[in-house]
Amino acid sequence: MTDAILPNQINARNGENGYFKKGCNPFAQTGRSKLQNQRAGLNQQIIKQMRMRAGAENLLRATSNNKVREMVGLELSYVNSNLQLLTEELEGLNSSVEVYQNVQEAENIPLIPLGLKETKDVDFSVMFKDFILEHYSEDGANFEEEIADLMDLRQACRTPNRSEAGIELLAKYFSHLPLLESRFFSTTRQLGIFFTWYDSFTGVPACQQNISLEKASILFNMGALYTQIGTRCNRQTCSGLVEAISAFQKAAGTLTHLKETFIHTPGYDMSPAMLSMLIRMMLAQAQECLFEKIALPGIRNEFFSLLKMAQEAAKVGDTYEQVHQSMSQTPIKDNVPFFWSTMAQVKTNHYRSLAHYFVATALLDHQCKLSPSDDEDQQEKALSQVYDSMPEGHSPLDILKKRDERKRIGKAHLRRAIMGHEEALRIHSLCRNLRKLDLLHDILQASHKRSLGKFEENDTEEDFTDYQEAPDIIPKTEHKAEMEMPMSTKVKVTDFFQRLGPLSVFSAKQRWTAPRPVRLCLEDRDLGFTLKGEAPVQVVSLDPLCPAAADGLKEGDYMVAVGDTDCKWMGVSEVMRLLKDVDEEGIDIRVVSMMDSGMALPTKSATYCGGIPKTYSMICLAFDEDDKNPRVRKVSKKMSFLNWGLKNRLKSASTLSLPTADYSGSLPWNKPCPTFPSSSSYNDSALY
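None of these values were measured; they are calculated from a predicted model. (Residues numbered from 1 in each chain as written. Predicted model: local features only at pLDDT ≥ 70, side-chain atom pairs only at ≥ 80, totals over all residues. Heavy atoms only, no water.)

Attention now goes to the overall build of the protein. When its secondary structure is counted, the protein shows 18 helices and 15 strands. Classification of the 688 residues of the protein by burial places 51% in the buried group. Contacts in the protein between residues at least 24 apart in sequence constitute 79% of all its contacts with a sequence separation of at least 6. Only carbon and sulfur atoms are counted for the fraction: they give 51% of the accessible area of the protein, which is about 32,800 Å². (Helix = DSSP H or I, 4+ residues; strand = E, 2+ residues; numbered from the N terminus. Buried < 20%, exposed > 50% of the residue type's maximum accessible area, 1.4 Å probe, protein only. Contact = heavy atoms within 4.5 Å. Areas by Shrake-Rupley, 256 points an atom, 1.4 Å probe, with all protein chains shown as cover.)

Moving on to the environment of Gly-192. Position of Gly-192 relative to the elements: it lies in the loop between helix 5 (164–184) and strand 3 (195–198). Residues Gly-192 and Asn-210, spaced 18 residues apart in sequence, show a C-alpha to C-alpha distance of 9.8 Å. With residues up to four places along the chain from it excluded, the contact list for Gly-192 reads Met-127 and Gln-209.

This part covers the nonpolar core. Of all hydrophobic cores here, the largest spans 126 residues; its most connected members are Phe-124, Phe-128, Phe-184, Leu-278, Trp-340, Phe-358 and Phe-497. In this structure, Phe-184 is in contact with Phe-128, Phe-131, Ile-132, Leu-191, Phe-497, Leu-500 and Ala-508, ignoring residues within four places of it in sequence. Counting residues in hydrophobic clusters, the runner-up holds 21 residues, among them Leu-520, Ala-548, Cys-567 and Met-570. (Core = buried A, V, L, I, M, F, W, Y, C linked by side-chain atoms within 4.5 Å.)

What follows is about the pattern of salt bridges. Pairing of side chains with opposite charge becomes possible as their charged atoms draw close. Applying the stated criterion across every chain yields a total of 19 salt bridges. For Glu-181, the salt bridge goes to Lys-215, with nearest N and O atoms at 2.5 Å. Here the residue Glu-181 occupies a position in helix 5, and Lys-215 occupies one in helix 6 (residues 212–232), the gap between them amounting to 34 residues. Its relative accessible area of 23% is what places Glu-181 among the partly exposed residues. Taking relative accessible area as the criterion, Lys-215 reaches 1% and is therefore assigned buried. Among the ionic pairs, Glu-423 bridges to Arg-426, the shortest N-O distance being 2.7 Å. Separated by three residues within a single helix, Glu-423 and Arg-426 lie in helix 13 (residues 403–430), roughly one turn from each other. Classification of Glu-423 as partly exposed rests on a relative accessible area of 27%. (Salt bridge = Lys/Arg side-chain N within 4 Å of Asp/Glu carboxyl O.)

Before going further, it helps to spend a moment on the side chain of Arg-235. Tracing the sequence through the fold places Arg-235 in the loop between helix 6 and helix 7 (238–261). Residue classification places Arg-235 among the buried positions, given a relative accessible area of 2%. A polar atom in the side chain of Arg-235 sits 2.9 Å from the backbone oxygen of Ile-109. Within the structure, Arg-235 has its side chain in polar contact with the side chain of Glu-292 (distance 2.6 Å). (Polar contact = N/O pair within 3.5 Å; in protein donor to acceptor, adjacent residues only side chain to side chain.)

Moving on, we come to the packing of helix 5 against helix 6. Where helix 5 contacts helix 6, the axes come no closer than 10 Å and their chain directions differ by 170°. If you check the angle between helix 5 and helix 6, you find them roughly antiparallel. From helix 5, Glu-164, Gly-166, Ile-167, Leu-170, Ala-171, Tyr-173, Phe-174, Leu-177, Pro-178 and Glu-181 reach across to helix 6, where they touch Glu-214, Lys-215, Ile-218, Leu-219, Asn-221, Met-222, Leu-225, Tyr-226 and Ile-229. Of the residues belonging to the contact of helix 5 with helix 6, the class tally is 13 nonpolar, two polar and four charged. (Axes fitted to C-alpha atoms, helices over the stretch in contact; angles between N-to-C directions. Parallel < 35°, antiparallel > 145°, perpendicular 65-115°, else oblique. Nonpolar A, V, L, I, M, F, W, Y, C, P; charged D, E, K, R; others polar.)

This is how it looks when you write it as structure tokens:
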């Protein structure tokens, strides 16, 4: 499936960076876009049913009327049934792997991709304009174009191309988020912007004002997009397999970065246990592609080659067994699609059966008597390294030299191969979504017939009493799949709001007075002060008796404009050039003074996880950092998003706005603003 691009490659301006391409057309009728649209629709239905369930449960607790309780209980059962059906539909979407595969695939077992997390639209315009006016004392209307570009970029990230261009798009927005956080998201007040993302497995929404949820979700989608790129590769070619291996290793690296960077993330899909399982699954699929790459030129019917391929196949089976074990753990098993766990079981049995088939072929097809020229020592060493423990009463040399023993062990391996293929077919038949994959069934059936045919070729009537048990094969590989951290996780971007000034100074963490005019006049060819620092320059060594000081200039002030020229980004030499032509009439400048932020007010964090049972990864608690004794540490629960409504948000916004009192003190320019720990610290649940 090819991703449709918007007509004429519609672009959006990105400041001075040129242009960035938008994502796929969300209305394009590709298989992948249809699945994402269905996912978005299911998410809306799920949240509607959950709201109905929350209302019914509240009414059930509030009423004592038996008739009302009976009616509400009946309605609650209907809602729970609808939620179960919607969850099964969402599981079906996560099990739809065919649309993600390469159209040329004909002989490869399908791989499992991750679907992208869905999100709601976010309108930055009103809040950002208000914040720019209040905090930076500039007209927010002058930044409408930058805000529009930011919103276009976020919208494009909802439908990224299934290619490196899509990864670059997500990485670009991800790199902008720390800049936005520094510019607009203060620790002393909430901006009032809510980020809502839906769990990719349950469809349950998580809503936070903390931008860390946005960062974590974009990072998850980057990993998911890598998995979709990997499944799309043409695995019939060596270059396609190399690309698939790299994509799955980068997916594992991205998810590992997410797991190690963000803690207490809301939702099951980004919990540490789920991410650990997903990382194992991506590495297992990369290992499977490595096996296919080795087997692509063909497997030579030669003793050493067959033993090598046997251990490579056993390695793939072993990695999928670890994936299945992690899928069977609580709480993963309650949310992972049944299709995924059965697919992991099928591949475990399939590849282990292939390993036994290769060892059997090596023993049965190479039964000629060894001679010194056959390098007896090398064959004995190779066979001993295949087994964890040798069959009872046998040595590698006995098996190689004795034709009957060699045949008996070979047939034992064939029996295990046949039983493994039969088990894979049985598990395949248990899953409705797996039964739809005709290609998978054909591959399993062909492997089973091949092992049966090999067994019949070597079966004789006098061997009916032979019940030799084949030993396990040691998994071993020369090319182990390792997670790879993609270089494109962060890319160099230009701040959308660079006109506000250098981020090191003009950030949300610091507060200033509004720009005020000061008249500069020469007095004996002396301005009465010196300038210091990088952009923006700072007034130091101010003569308190100079005309500028009399007009309101203060020690440590930042110079933001000279005349009509903005100088936030100018160094000392550039500003001095603007001031060199000051005559007796003087020139007007504009300066700002840094304010003492004062006592930091406690911030309120809004986290809504749609009624998900609280687990270790979803409990949103805060504690007093100053309390060094963990036994007496006070723990307070966060307010629910449902209780933190619009009225309270507006009230909080007015309460948390610090007064812009005139600053009359003389604060050293390099002294950091003091901060005070609040008595009750509310930290969002998605944190660094």
